[in-house]
Amino acid sequence: DPGAVWSALRRPTVSVLIRCLRAAPRPDLLLELGATLASELAVAGALQGPLRLPSPPRIVCLGARRCFTPGAGELRCAAGSLRHVDAQGRETALWPSAGAASHLEITPSLVLALVDNNPLAQLEAHPDKSGNALDLGGKGQGLWIAALREALEIIAGPMPELRAEIDVVLQQVVPVGHDEQRHLSASYQEAIGTVYLSLHPQAMTMTEALIHEFSHNKLAVLLEQGPLLENAFWPLYPSPVRPDPRPLHGVLLAVHAFLPVARLYELMIAGDDPRARHPEFHARLAAIVAGNREGAEVLRLHSRATPLGAPLLAELLRWDRHFNHKGAPA
């Protein structure tokens, strides 16, 4: 069943292990990858025969929406069945299972993750953060799901195409705390399909963060095909959204993420959305456009695009001209 295999491979809980192993061989990750992939195929009913392999301490199976913790021993996989046999020969059924779900439905294709197997989650590039440990921030799971559903509904009205893209690319949201004063989010090149978001009481702040990190995921997919800039990582330049100097790669990420946010604000104003009637809404759009203008100018003056990156850069600059009333995007 090739379709089931490709579906399993694009699970972020599987593909993040593949990309980490691509960068550096690690026996523990290889063990986890084999068991995770086998579990996904077993739960999907895609295995044509029984499969036995060593068991890792933990398996995060997104297809089952379960986290299995079998411990050492042997994993026995078959179509629709997952079992564990320990060193004493005792057998335990892992799937089908009536246990508590480790991933809660936001939409049919997007879940709130209560476990995370990204080996890079504690690596942090932002100076105001220290990793992305899973944390509900003392808030109920229902509040998280409601806030994310509201953000998706805000996007769907004026930008249905973008909303449809989210269904294609994103598979899980990992919660990383709650803060009423600021919002912190992240994504990883290796973890395509996953976004890390904190909970904020303002719906537009949540919506911005979701679009922002989803846009990083889109760019990560493109970067899998090759570099976009010849001078992506040196030298450093001022960033419109970060306090620290950034390589052009970081400036590109920022502009690419904030242009669709500006477009959302623009369309909500044009559609007379009730949220857009507040003066702060217009001020926020102006601030986003100004930041994009600064970042786009840095890219225009200093970036050397590769053949893969040239069409992307041209499109970003066209949208920058659109928002600054110097032309419209093609």
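The structure contained in this document is the topic of the report that follows. (Residues numbered from 1 in each chain as written. Predicted model: local features only at pLDDT ≥ 70, side-chain atom pairs only at ≥ 80, totals over all residues. Heavy atoms only, no water.)

Focus on the pattern of salt bridges
Any two side chains of opposite charge can pair, so long as their charged atoms come close to each other.
Argument step 1. The final tally for this structure, using the stated rule, is 22 salt bridges.
Argument step 2. Between Arg65 and Glu105 there is a salt bridge, with its nearest N and O atoms 3.3 Å apart. In this pair, Arg65 sits in the loop between β2 (59-61) and β3 (66-68) while Glu105 sits in strand β7 (residues 103-107), placing the two residues 40 residues apart along the sequence.
Argument step 3. Since its relative accessible area comes to 22%, Arg65 is described here as partly exposed.
Argument step 4. Owing to a relative accessible area of 38%, Glu105 belongs among the partly exposed residues under this scheme.
Argument step 5. Each member of the salt-bridge network shares a partner with another, and the members are Arg52, Glu74, Arg76, Arg83 and Glu91. (Salt bridge = Lys/Arg side-chain N within 4 Å of Asp/Glu carboxyl O. Helix = DSSP H or I, 4+ residues; strand = E, 2+ residues; numbered from the N terminus. Buried < 20%, exposed > 50% of the residue type's maximum accessible area, 1.4 Å probe, protein only.)

Remarks on the sheet that holds strand β8 (residues 110-113)
Argument step 1. With respect to topology, 5 strands assemble into an open sheet ordered β7-β8-β9-β11-β10, the strand pairing being mixed. Every interior strand has two partners, whereas the edge strands, β7 and β10 (185-186), have only one.
Argument step 2. For strand β9 (residues 172-178) and strand β11 (residues 194-199), the ladder comprises 5 bridges, and the chain directions are parallel. If you follow His178 over to β11, its bridge partner there is Leu199.
Argument step 3. The strands touched by helix α6 (residues 203-223) within the sheet are β10 and β11, with β11 carrying the most contacts at an inclination of about 160 degrees. (Pairing = 2+ DSSP bridges. Contact = heavy atoms within 4.5 Å. Axes fitted to C-alpha atoms, helices over the stretch in contact; angles between N-to-C directions.)

What to know about the packing of aromatic side chains
By convention here, two paired aromatic rings are described through the distance between centres and the angle between planes.
Argument step 1. Enumeration according to the criterion identifies 3 aromatic pairs in this entry.
Argument step 2. On the numbers, 5.4 Å between centres and 75 degrees between planes, the contact of Tyr188 with Tyr196 is edge-to-face. Taken individually, Tyr188 and Tyr196 each receive the classification buried, so the pair is uniform in this respect.
Argument step 3. Centre to centre, the rings of Tyr265 and Phe281 are 4.4 Å apart; their planes meet at 40 degrees, and the pair counts as tilted. Of the two residues, Tyr265 is situated in helix α7 (residues 248-270) and Phe281 in helix α8 (residues 279-302); the sequence distance between them amounts to 16 residues. (Phe/Tyr/Trp six-rings, centres within 6.5 Å; stacked < 30°, edge-to-face > 60°.)

Some details on the layout of surface pockets
Argument step 1. Considered as a void within the structure, the second largest pocket measures approximately 490 Å³ in volume.
Argument step 2. Forming the boundary of the second largest pocket are 21 residues, of which Lys218, His256, Pro260, Glu315 and Trp319 lie nearest the centre.
Argument step 3. Take the lining of the second largest pocket: its biggest share by element is 6 residues, from α7.
Argument step 4. The residue makeup of the lining of the second largest pocket, split by class, is 14 nonpolar, 2 polar and 5 charged. (1 Å grid on protein atoms, 1.4 Å probe; cavity = no way out; pocket = protein on both sides within 12 Å on 5 of 7 lines; lining within 4 Å. Points joined across faces, edges and corners; volume = space filled by probe spheres on them. Nonpolar A, V, L, I, M, F, W, Y, C, P; charged D, E, K, R; others polar.)

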